[in-house]
Each structure stands twice: as C-alpha cells, then as structure tokens.
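Geometric and topological summary
Next come the chains, spelled out residue by residue.
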Amino acid sequence: MQEENYLSIINEQAVEVGVAACDKETVFEHVARRLEQIGVLTSSEHFKKDLYERESQGPTGIGGGIAIPHGKSLAVKNTCISIVKLEQPIQWESFDDEPVQIVILFAVSLADKNNKFLSMMAQVARKMANEEVCLRLAAAATPQELIQALGAA
C-alpha cells in the first residue's frame, strides 16, 4: 500500500498568512473556529479541549519558529492540516525556546489517529528537517506560497 502524501490533506481554506495572535490560545481559537466554519469540525470547543490535552503531554514547538500542534478528536469529520503564518512571532513551548511564527496544525479524526496520522506527521517532520523548506515557509507571503514551501525539496 502506498503512503498517502501529507500535501493531499492540507485544507487550502485553512491556510492563512498574517494572522494576528498574541498567544497559543488565540491561535487555537482562530484555527478551530475556521475549521468549524468550513465544515471540518463538528465542535470547535471539543476540538480545542483535545488540542490542549495533547499540549499537556509535551512541547509541539519543533524549533526554528515552527510549531506542529495536533488534536485527535471525535469533533474532526475529515483529517486535515491547517497552516497559519502569524503576523508576529509568539511565545510557544519549543525545543529551542524560540518564539513561533508558523503553525502547522493537524486536525485528526479518530479513524485516522494511528497509521495515517503517524505517516503524515513523519512526512512533515522530515520536511521540517530541511532548512530550505523552513526558510521558504518563513518567507512566504501568501497561502499559496506556504503550501508551495511545504511541498518544496
């Protein structure tokens, strides 16, 4: 069986640049509300609880100004990735203790919580190990450039 490509689950309606946020809570509220508006979630409140549950287990900031939070939730109808580039970097628990400006958020349905999710997360983690991809994400000025940057190299 061929591994599904993570790019196929990026929801273009949930890719944004220039999002104003002062903290992680604002980011989660913004993304959860957006995902609920476009029909990915049945409940933004339920999904946020699941995001915080995961956050309590350890940092999702991977360094280099990037965080990869994820919530596995009954509230998720269709597994997808949302990408948000913040207007300004914000504090976030991360391995390098640096602020975060790029948030690659996984909304994962319970049906996909094991194999599919782990495969997608591994693919994104491999991309984030590529410095050129991280630089292109940081330089992206449009949603399309964010998606292209994540697909680069």
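Further up the page is the structure itself.
These lines cover the structure that appears in this document, whether it is placed above or below. (Residues numbered from 1 in each chain as written. Predicted model: local features only at pLDDT ≥ 70, side-chain atom pairs only at ≥ 80, totals over all residues. Heavy atoms only, no water.)

1. What about the overall build of the protein?
As a reminder, the rule being used: Helix and strand assignments come from DSSP, with helices taken as H or I runs of at least 4 residues and strands as E runs of at least 2, each series counted from the N terminus. Restricting the calculation to C-alpha atoms gives the radius of gyration, and the globule rule supplies 2.2 Å times the number of residues raised to the power 0.38. Only protein chains enter the area calculation, which uses a 1.4 Å probe; residues under 20% of their type maximum are buried, those over 50% are exposed, and those in between are partly exposed. Residue exposure ignores everything except the shown protein chains as possible cover, and the areas themselves are Shrake-Rupley values with a 1.4 Å probe. All tallies of charge rest on Lys and Arg as positive and Asp and Glu as negative; His and the ends of each chain are not included. We put the charge of a Lys on NZ, of an Arg on CZ, of an Asp on CG and of a Glu on CD.
In terms of helices and strands, the protein carries five helices and six strands. Listing each helix as α and each strand as β along the protein from the N terminus yields β-α-α-β-β-β-β-β-α-α-α. Taking 15 Å as the expected radius of gyration for a compact globule of 153 residues, we find that the protein reaches 14 Å, a close match to that expectation. With respect to the principal axes defined by its C-alpha atoms, the protein has extents near 40 × 35 × 30 Å. Within the protein, buried positions represent 48% of all 153 residues. Working note: accessible area of the protein is about 7,600 Å², and carbon and sulfur atoms make up 49% of it. In the protein, 14 positive and 21 negative side-chain charges are present, and the distance between their average locations comes to 6 Å.

2. Some points on the pattern of salt bridges
How we decide: Any carboxyl oxygen of Asp or Glu within 4 Å of a side-chain nitrogen of Lys or Arg constitutes a salt bridge here.
Taken as a whole and assessed by the stated rule, the structure comprises six salt bridges. Put simply, lysine 24 and glutamate 93 hold a salt bridge, and the shortest N to O gap is 2.4 Å. Placement of the pair is lysine 24 in helix 1 (residues 24-37) and glutamate 93 in the loop between strand 5 (80-90) and strand 6 (100-109), with a sequence separation of 69 residues. The exposure class of glutamate 93 is partly exposed, given its relative accessible area of 47%. Residue arginine 33 pairs with glutamate 29 through a salt bridge whose shortest N-O separation is 3.4 Å. Residue arginine 33 and its partner glutamate 29 are located together in helix 1, separated by four residues, close to a single helical turn. Here the residues in one salt-bridge network are Glu29, Arg33, Glu45 and Lys48, joined through shared partners.

3. Some remarks on helix 3 (residues 115-128)
So the rule is basically this: Take the number of residues in a helix, subtract one, and multiply by 1.5 Å to get its expected span.
Between its first and last C-alpha atoms helix 3 spans 20 Å; for 14 residues at 1.5 Å apiece the expected length is 20 Å, and the two agree. All buried positions along helix 3 are accounted for by Phe117, Ser119, Met120, Met121, Gln123, Val124, Lys127 and Met128.

4. Some remarks on the pairing of strand 5
This is how it is decided: Only when DSSP finds a minimum of two bridges between them are two strands counted as paired.
Judged by how many residues are buried, strand 5 sits mostly within the fold: eight of 11 residues are covered. One ladder, built from seven bridges, connects strand 5 with strand 6; its direction is antiparallel. When the bridges of strand 6 are listed, valine 84 appears paired with valine 103.

5. Here we look at the packing of aromatic side chains
Defined as follows: Ring geometry is summarised as follows: Phe, Tyr and Trp rings, the Trp one being its six-membered ring, pair when their centres sit within 6.5 Å, and such pairs are stacked at plane angles under 30 degrees, edge-to-face over 60 and tilted between the two. Charge-over-ring placement is defined geometrically: NZ (Lys) or CZ (Arg) within 6 Å of the ring centre, and within 35 degrees of the ring normal.
With the rule as written, the count across this model stands at three aromatic pairs. Centroid distance phenylalanine 28 to tryptophan 92: 5.7 Å. Interplanar angle 85°. Geometry classified as edge-to-face. Taken together, the positions of phenylalanine 28 in helix 1 and tryptophan 92 in the loop between strand 5 and strand 6 put the pair 64 residues apart, joining distant regions of the chain. Side by side, phenylalanine 28 and tryptophan 92 carry an identical accessibility label, which is buried. Arranged with centres 5.8 Å apart and planes meeting at 90°, the rings of phenylalanine 106 and phenylalanine 117 form a pair that is edge-to-face. Here phenylalanine 106, found in strand 6, pairs with phenylalanine 117, found in helix 3; they are 11 residues apart in sequence, far enough to count as distant. By relative accessible area, phenylalanine 106 is classed as buried at 1%. Overall, phenylalanine 117 belongs to the buried group, its relative accessible area being 5%. Looking at lysine 24, its charged tip hangs above the ring of tryptophan 92, at a distance of 5.2 Å from the centre.

The values are spatial; any link to function lies outside them.
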